[in-house]
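Analysis of the macromolecular model
Now for the letters of each chain:
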Amino acid sequence: MISNQDPLQRIAFSPWLAILLTGASLFLLAMAVVNGLAYWLEEARELLFLLPLWLGGAGWLAYLVLTLPRQLSVKNELLTLRWWWRVRTIAVAEITNVRHSRSHLTIYTADKGYRCSFLSPNAAVHLLSWLEQQVPVAAAARLTNQEQPLPITMTPRLTAPLITGIMALIFAGVGGFLLWMAWQEGSRGDSATNPLAVGAFGLLLVALAVLFFYMLLDGYIWRITFDTEAITLRHTLFTERHDAKLVTKLDLINEAREVKGFVHQIYKLRLSLVDGTELDIAPNLPSFPMDYAGAVEARLLADLQAQLEKAYMPVVTTDLEPTAFTDAHWGTPQAAYQWQIRPFDLTVTRLDYGEHHAAASTVHILVGHAEAGAMRFRTTNGETCISSNGHYVVIYDNTLLVAFNLANGRIYHRTSRRDWIYYRLEIVDEQLVIEESKRTDRQQREKRSPISLETPTSALRRGFGSAEGGDFPSAYG
């Protein structure tokens, strides 16, 4: 919520667009008057069909000018909206919703809506982002959208495929007509034109039509669906499916493309799969520069990334109810924390049973698989670190670490140096970074050289080491 001491928060827009739109609206209105006079005074009935076009264009531009914002500001819990012809002030607490629709943005109270319109969708998104920083309802609405569960279905805009299809039909029609005309004139032999040249140009147009039809059939994706099991991309002639459990990374990619001297920002959501495949999600590509709104795409894909991170990331962490792990032999833990490693259908669960001595807690770590069952490792103050892609799991206590390479199924171990104990371990890419502390002086710490988990050297040995039976050296009782 905005405090009374907050300075004035303001966003303003250039007046030139309003001036140009007003001039254009007046011009179209003048053309409508001239058209009407020509019809009534000169009886130019062939111009009558233009009258609705002039009036419609003038009316649309006039509506745009009336709803084009000049400035929005927030101070002392009040939002002031200034258009070019009017001003409204509403309390921030009275705002019930903020709705965005490409080039339009509407702010709702309980009994009224206030519309802001733009020529550019990017400007509408810019205003929406500003409102999310000032109005709690707008920020909450975006968070709610990002937390929507699967499935998610995305349908791209039809502008680009529609234009591509129209161009293909035009090229095919004109090219076919030229080929027919060249054949007719060549058959008669009395043509003033060169049938070969006409036929060659017709063939070129038909070839372009084939190219555009190929782009329409192969290049465009009509629907993208994300569900718990798969990612489905529906092309014109085939369907592409990817296993959702194989997703290991989500990156929002920004590329700069130059078209006729203008630089356009292109956005993609790149999904990295466990087998090395990279799947780029760009629902409105390919597209035409005048139809592609970079800020809209960036926002759309950022929200999608937030949704998919909760559903698809290879390692998902969860706090669990300890009573779910009550065991007749071990009792009920005081805390339970679980990592789900989706690519390998594996769970790693840390169960803390509380202290058996001062600052020494009994910790069991369960490594479980749906089909292979579970392994229980008993430790004192044991910890776990897992790589972001889920390929590597390391369990360790003060003196022993056990590393799992889940991709190839190999297991390695390493004991700490004499008079040193493990203080902290972390996995960076495919490297295991170990920080040790002196046994007799915990403040004296030292980082060891990183150890490769993909191609281990002699620093790691095969097997579980002394934890073969599940008990780490620190296990109590």
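What counts and how
Residues numbered from 1 in each chain as written. Predicted model: local features only at pLDDT ≥ 70, side-chain atom pairs only at ≥ 80, totals over all residues. Heavy atoms only, no water. Patch = residues over 30% accessible without salt bridge, like charges linked within 9 Å, V, L, I, M, F, W, Y side chains within 5 Å. Areas by Shrake-Rupley, 256 points an atom, 1.4 Å probe, with all protein chains shown as cover. Salt bridge = Lys/Arg side-chain N within 4 Å of Asp/Glu carboxyl O. Helix = DSSP H or I, 4+ residues; strand = E, 2+ residues; numbered from the N terminus. Buried < 20%, exposed > 50% of the residue type's maximum accessible area, 1.4 Å probe, protein only. Pairing = 2+ DSSP bridges. Axes fitted to C-alpha atoms, helices over the stretch in contact; angles between N-to-C directions. Expected span 1.5 Å × (residues − 1). pLDDT = per-residue confidence, 0-100. Contact = heavy atoms within 4.5 Å.

Some details on a nonpolar patch on the surface
- The grouping of Leu26, Leu29, Val33, Leu37, Trp40, Leu41 and Leu55 at the surface amounts to a nonpolar patch, some 770 Å² of accessible area in total.
- It is helix 1 (residues 16-41) that contributes the most residues to the nonpolar patch, six residues altogether.
- Among the structural elements, leucine 55 can be located in helix 2 (residues 50-67).
- Classification of leucine 55 as partly exposed rests on a relative accessible area of 43%.

Considering the sheet that holds strand 3 (residues 78-83)
- Read from one edge to the other, the open sheet built from four strands follows the order 1-2-3-4, with strand pairing classed as antiparallel. Strands at the two margins of the open sheet, each flanked by one partner only, are strand 1 (9-12) and strand 4 (87-91). Here the strands of the sheet are splayed against their neighbours by 10° on average, with no regard to which way each runs.
- With six bridges joining them, strand 2 (residues 69-75) and strand 3 adopt antiparallel strand pairing. Note on strand 3: the bridge partner recorded for glutamine 71 is arginine 82.

Considerations on helix 1
- In a regular helix each residue adds 1.5 Å, so 26 residues correspond to 38 Å; helix 1 covers 37 Å between its end C-alpha atoms and thus fits that length.
- For helix 1, the set of buried residues is Ala18, Leu21, Ser25, Leu28, Ala32, Asn35, Gly36, Ala38 and Tyr39.
- Downstream of helix 1 by one or two residues, glutamate 43 has phi in the positive range, about 55°.

Considering the confidence of the model for the protein
- Of all residues in the protein, 97% have pLDDT values of 70 or greater, and the mean over the chain is 87.
- Segment residues 1-6 is flagged for pLDDT under 50; beyond a separation of four residues in sequence, or across chains, it makes nine contacts in the model.

Comments concerning unusual backbone geometry
- Cis rather than trans, the peptide bond between leucine 150 and proline 151 has omega equal to 5°.
- Secondary-structure assignment places proline 151 in the loop between helix 4 (136-146) and strand 8 (152-154).
- In this structure, alanine 359 takes a positive phi of about 60° despite not being glycine.
- Tracing the backbone through its elements, the reader meets alanine 359 in the loop between strand 17 (346-357) and strand 18 (360-369).
- Take alanine 359: its relative accessible area is 60%, and that puts it in the exposed class.

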